[in-house]
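# Structural characterization, general
Spelled out, the chains give:
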Amino acid sequence: MNDDQRQLAPVRSAYVPHTPWGPWGGIFGSIAITAGAFAATMLCVAVLQKSGNRQAIAAQGWVAMLAFQGAMIVGALWLAGWYGGTRGRVLALAGTRPSMREMASILATFIVFVIPYTLAIYLWRFDVLVADNAPFASLMRSPDWPIYALIIAIGAPLSEELLFRGFMLPALAKSRIGFTGAALITTVLWMSLHFTYSIYGLIEIFMIGLILSWALWKTGSLWAPLAIHAINNGALAFAMKFQLLPWT
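First, a word on what this report is: a plain description of the structure on this page. Keep in mind that this is a model prediction, so the values were computed, not measured. (Residues numbered from 1 in each chain as written. Predicted model: local features only at pLDDT ≥ 70, side-chain atom pairs only at ≥ 80, totals over all residues. Heavy atoms only, no water.)

Attention shifts here to the packing of aromatic side chains. Evaluation of the coordinates by the stated rule reveals ten aromatic pairs. Here the aromatic rings of Phe238 and Phe242 are separated by 4.9 Å at their centres, their planes lie at 50°, and the arrangement is tilted. Assessed through its relative accessible area of 49%, Phe238 is described here as partly exposed. Directly above the aromatic system of Trp190 lies the positively charged group of Arg165, at a separation of 4.7 Å from the ring centroid. (Phe/Tyr/Trp six-rings, centres within 6.5 Å; stacked < 30°, edge-to-face > 60°. Buried < 20%, exposed > 50% of the residue type's maximum accessible area, 1.4 Å probe, protein only. Lys NZ or Arg CZ within 6 Å of the ring centre and 35° of its normal.)

And the structure:
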């Protein structure tokens, strides 16, 4: 194949869904995982409040978050192997890891699209940017900030990627809508998890979701969106803790 033929050759996805779950099973399974996570959260909060212990009640914020994220992780891992499939293969965690070159390319793409958008919102609607980040900035200023940093930088990426792009996306990608349709649907559903954000924040979340889906498509490995998601959240947590950005 000469250079011209290489340039005209279509770019092929490295991603192949290996899940035994069909599209409807993937949707209802994801709903069950989310419902179980909410139930686990409510149970933990109820137990802490009933205990009457002041320290326990004071800790219910981060305990609830850990319960929610932990239940999502356990649920995704459990259902991934429900039909006997290898969990690592079903969730695209097994096999070849993304190369440093691929990760650098994905990170550069993330920066090129997300940073200018954030800067535009900063210049146009600074108040919205402050409001969207205020709850997280408050967590990073609390005495329990190390726990919240782990929740934001590790717990959130791990739980959300396992559920949406690890478990749900491959089940939907096996249908007629293919990977593109599955990526759009899972990104919208992932965006809805951040319903407290402003419309501008939701647009940014949607953009990030598409980039994370593309990272999965490009590398064939969930480790890529996991890493990018963790880098983004970790950087934001760090910036909020040390007030490195005007809106933190």
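Back to the write-up after that little detour.
Tracing the backbone shows Thr180 in helix α9 (residues 178-192). As for Thr180 and Trp214, which are separated by 34 residues in sequence, their C-alpha atoms are 9.2 Å apart. (Helix = DSSP H or I, 4+ residues; strand = E, 2+ residues; numbered from the N terminus.)

Moving on, we come to unusual backbone geometry. Residue Ala92 is not a glycine yet carries a positive backbone phi of 60°. In this structure, Ala92 sits in the loop between α5 (87-90) and α6 (100-124). In this structure, Gln243 is a non-glycine residue whose phi angle is positive, near 50°. Inspection of the secondary structure assignment puts Gln243 in the segment after α11 (223-241).

Here the focus is helix α7 (residues 126-140). The end-to-end C-alpha distance of α7 is 20 Å, a good match for the 21 Å that 15 residues give at a rise of 1.5 Å each. Roughly 50° is the biggest bend found in α7, and it falls at Ala134, with proline Pro135 one to four residues downstream. Taken residue by residue, α7 has Val128, Leu129, Asp132, Asn133, Ala137, Leu139 and Met140 as its buried positions. Considering only its buried residues, α7 is in contact with α4 (60-80), α6, α8 (145-173), α10 (199-219) and α11. (Expected span 1.5 Å × (residues − 1). Bend = angle between axes of the 7 residues up to and from the residue. Contact = heavy atoms within 4.5 Å.)

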